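For reference, the chains in residue letters:
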Amino acid sequence: MSEPRKLYIKSFGCQMNVYDSHRMADSLAGDYRETDRPDGADLIVLNTCHIRERASEKIFSELGRIKELKSAAEKEGRRMLIAVAGCVAQAEGNEIIRRAPFVNIVIGPQSIHRLPDLVARAHLASAVVETNFPIEDKFDHLAPPSFAATRARGISAFVSVQEGCDKFCTFCVVPYTRGIESSRPVAKISEEIEHLTAAGVVEVTLIGQNVNAYHGHGPDGRPWSLARLIEHVAAKREIARVRYMTSHPRDMSDDLIASHRDIPKLMPFLHLPIQSGSDRILAAMNRRHGRSEYLDIVARVRAARPDIAISSDFIVGFPGETEDDFAATIDLIEQVKFAQAYSFTYSARPGTPAAEMDGQIAEAVKTERLARLQIAIERQRQAFSAALVGRKLDVLFERPGRLPGQIAGRSPYLQPVQVMASAHRIGTVGRVEITALSTNSLFGEPIDPVPAYAMMPPAFAAAEGA
Ligand code: SAH
Ligand code: SF4
Ligand code: F3S
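Predicted model only: the values in this text are computed from it and were never measured.

Trainee: Honestly, the site of ligand 2 in this entry has me stumped. Any pointers?
Mentor: In the vicinity of ligand 2, the residues found are Cys165, Lys167, Phe168, Cys169, Phe171, Cys172, Val174, Pro175, Asn210, His248 and Arg287. Residue composition of the shell around ligand 2, grouped by class: seven nonpolar, two polar and two charged.

Printed below as a string of structure tokens:
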């Protein structure tokens, strides 16, 4: 039997982009085995992100390096195919081939199921470009997650449940690169999760650009909300933990908030981007909610699940942002007390309304505001972690730790936790007492086996203690 060809695939974007990379690798699994080095690969796929200018330009510098590899391979008489996938591919199309003529395939995010076919065609043609939004549903044509690849990826997996976005925030390219919003049927999602659990996955993160706008077709013939979907997934015996992201404040429904109270397997973590704390800027961004609505959601979520970690995204230096608008963002941060957040300087994206707005802010001002915002967020992140020292948390052990004899896992709040324990516990959830913290990790001691009283109803526990 001949050696399988080698595939090198690299993601530059969000969770949806990482997920698409996995599914592209799964679709090619019959002919290609994944490698973690680009130099010996027969096919290189760069799965790109268009969200900010820097993300987009990075691709062209990466392509510069890959051109060298391709010439070196050709000198050895090997053919190397180069594919540019993802949101830059969707936005730039033929322009990519013009700037980088050695690229063989350009393929948009909604066409990834056609990759095996494009690879076959690229062997015959100089370049193939596929950036139409196809009429068929890519999920009906994608190969299921491969068993071997799923094992290699670990015990926690992403599952795309909702795609695209119709919200048209004035700064954002996603509605143009990913297309209109759609939800996958419950049965299809369930089937995919069964493939994953059969390969050892115990945690799933249900992902979508606006995952809480989920309204997929349920087995009863009606549209199901994300809350129902979560309940359905959490009912699977093999699943220990369920997460979801990213949510939009406008779609934070009461039943989803109640899920945080009622579904123990749903982890107490909510990534709910607000972008700015100024009502004026939120309106200019077309977010279609104000700061008071956001604060109200946070209060209701915390009432349902008091220990929940709240996370957000922020953009600083949106056109027209004054020092007062920025102060309102800092004030919101001080009110909410985030467990973590991602923050960016505003990047004008071609074709979006905000790029044409008056009052574009100087880079130096954006960078300075970003630095101030990040100090505020970092202080809160450290405070959130510090408050966990001395507490007992359930940790999902995921992989060997940094030191011999150590294993590493994640807290319910997504922080890495390092514990001295045997590697056979990887893939299980264990109780850990948090004893210390460093900048990015928690350290703890396992307190298993769980004492019998901890499994009894409180009345019995009290009697036993007497
Ligand atoms: N659907 C998600 C966000 C997807 S994009 C939501 O609505 O929250 C991820 C993050 O990138 C956004 O939350 C925003 O903070 C940031 N982002 C998007 N466009 C940007 C731009 N033009 N400049 C800077 N940051 C941007
Ligand atoms: Fe972009 Fe707004 Fe849609 Fe999020 S909700 S993907 S920020 S347009
Ligand atoms: Fe980037 Fe596309 Fe995701 S632009 S953030 S890879 S949806």
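Trainee: Would you explain the pattern of salt bridges in this entry?
Mentor: A pair can form between side chains of opposite charge whenever their charged atoms are brought close. Within this structure, the stated rule accounts for 39 salt bridges. Here Glu130 and Arg114 are joined by a salt bridge, their closest N and O atoms 3.0 Å apart. One end of the pair, Glu130, is in strand E6 (residues 128–130); the other, Arg114, is in the loop between strand E5 (105–107) and helix H5 (115–122), and 16 residues separate them in sequence. Judged by relative accessible area, Glu130 falls into the buried class, the value being 10%. Here Arg114 falls in the partly exposed class, since its relative accessible area comes to 23%. For Asp140, the salt bridge goes to Lys188, with nearest N and O atoms at 2.9 Å. Here Asp140 is found in helix H6 (residues 138–141), whereas its partner Lys188 is found in helix H9 (residues 186–198), with 48 residues between them in sequence. Within this structure, Arg23, Asp26, Glu34, Arg153, Arg184 and Glu192 form a network of salt bridges that share partners.

Trainee: Is there a simple way to explain the domain arrangement of the protein chain in this structure?
Mentor: Accessible area lost when the parts come together is the quantity often used to give the size of an interface. What the domain assignment reports for the protein chain is domain 1 (5–130), domain 2 (156–385) and domain 3 (392–465). Taken residue by residue, the interface counts 16 residues in domain 2 and 16 residues in domain 3. At the boundary of domain 2 with domain 3, total buried surface from both sides reaches about 1,200 Å², with 56% on carbon and sulfur atoms. When the buried area of domain 2 at its contact with domain 3 is split by residue, Arg241, Arg243 and Ser385 rank highest and sum to 38% of it. Counting across the interface, domain 2 meets domain 3 through zero salt bridges. Those elements that provide at least two residues to the side of domain 2 that touches domain 3 are strand E11 (241–245) and helix H15 (363–386). Counting residues per element, the side of domain 2 that touches domain 3 draws most heavily on H15, at five residues. Tallied by class, residues from the side of domain 2 that touches domain 3 come to seven nonpolar, three polar and six charged.

Trainee: Hey, could you run me through unusual backbone geometry in this one?
Mentor: Where the residue is not glycine, phi is negative for most of them; where a peptide bond is considered, it is trans in most cases. Looking along the chain, the bond that leaves Met245 and enters Thr246 is cis, with omega of 0°. On the secondary structure map, Thr246 appears in the loop between E11 and helix H11 (254–262). With phi around 80°, Gln275 is a residue other than glycine that occupies positive phi space. Positionally, Gln275 belongs in the loop between strand E12 (269–271) and helix H12 (279–284). Under the relative-accessibility criterion, Gln275 is labelled buried at 7%. The backbone of Arg288 sits at a positive phi, close to 65°, despite the residue not being glycine. As for its position among the elements, Arg288 is in the loop between H12 and helix H13 (291–304).

Trainee: Could you clarify how one ought to interpret the sheet that holds strand E2 (residues 32–34) in this entry?
Mentor: Either a parallel or an antiparallel arrangement is found when strands of a sheet pair, and the pairing is made through backbone hydrogen bonds. Strands sit in the order E2-E1-E3-E4-E5-E6 across an open sheet of six strands; the sheet is parallel. Either end of the sheet is taken by a strand with one partner, and the two such strands are E2 and E6. Averaged over all pairs of adjacent strands, the angle between their axes in this sheet comes to 20°, without regard to strand direction. When E5 meets E6, the two strands line up parallel, connected through three bridges.

Trainee: Hey, could you run me through the sheet that holds strand E13 (residues 309–316) in this one?
Mentor: Taken in spatial order, the three strands line up as E12-E13-E14 in an open sheet, and their pairing is parallel. The sheet is open, and its two edges are formed by E12 and strand E14 (340–345), each paired on a single side. Neighbour-to-neighbour, the strand axes of the sheet open up by a mean angle of 10°, direction not taken into account. One ladder, built from six bridges, connects E13 with E14; its direction is parallel. When the sheet's bridge partners are listed, Val316 is paired in E14 with Thr345. Strand contacts of H13: E12 and E13, with the helix running at about 165° to E13, the strand carrying the most contacts. The strands touched by H15 are E13 and E14; relative to E14, the strand with the most contacts, the crossing angle is about 175°.

Trainee: Could you clarify how one ought to interpret the site of ligand 1 in this entry?
Mentor: Near ligand 1 you find 16 residues, and of these Phe171, Gln209, Gln275, Asp313 and Ser347 are the closest. Between ligand 1 and the protein, one listed contact pairs an oxygen atom with a side-chain N or O atom of Asp313 at 2.6 Å. Within the complex, 89% of the 550 Å² of free accessible area of ligand 1 lies under protein. Secondary structure elements with two or more residues in the shell around ligand 1: E13 and E14. A breakdown of the residues in the shell around ligand 1 according to their chemical character gives six nonpolar, six polar and four charged.

Trainee: Looking at this structure, how should I read the environment of Thr35?
Mentor: With respect to the element layout, Thr35 can be found in the loop between E2 and strand E3 (43–48). Along the primary structure Thr35 and Tyr8 are separated by 27 residues, whereas in three dimensions their C-alpha atoms are 5.3 Å apart. The contact partners of Thr35, leaving out residues within four places of it in the chain, are Lys6, Leu7, Tyr8 and Ala41.

Trainee: Got a minute to help me understand the nonpolar core in this structure?
Mentor: Core analysis: the biggest nonpolar cluster contains 49 residues, and Leu206 and Tyr244 have the highest contact counts within it. Setting aside its immediate chain neighbours within four residues, Tyr244 contacts Thr205, Leu206, Val211, Leu226, Ile230, Met252, Leu256, His260, Leu266 and Leu270. Core analysis: the second largest hydrophobic core is formed by 24 residues, Val45, Leu115, Ala122 and Ile207 among them.

Rules behind the numbers
Residues numbered from 1 in each chain as written. Chains lettered and ligands numbered in written order. Predicted model: local features only at pLDDT ≥ 70, side-chain atom pairs only at ≥ 80, totals over all residues. Heavy atoms only, no water. Near = heavy atom within 4 Å. Nonpolar A, V, L, I, M, F, W, Y, C, P; charged D, E, K, R; others polar. Salt bridge = Lys/Arg side-chain N within 4 Å of Asp/Glu carboxyl O. Helix = DSSP H or I, 4+ residues; strand = E, 2+ residues; numbered from the N terminus. Buried < 20%, exposed > 50% of the residue type's maximum accessible area, 1.4 Å probe, protein only. Domains from an automatic or database assignment. Contact = heavy atoms within 4.5 Å. Buried area = accessible area lost by both parts, 1.4 Å probe. Pairing = 2+ DSSP bridges. Axes fitted to C-alpha atoms, helices over the stretch in contact; angles between N-to-C directions. Polar contact = N/O pair within 3.5 Å; in protein donor to acceptor, adjacent residues only side chain to side chain. Areas by Shrake-Rupley, 256 points an atom, 1.4 Å probe, with all protein chains shown as cover. Core = buried A, V, L, I, M, F, W, Y, C linked by side-chain atoms within 4.5 Å.

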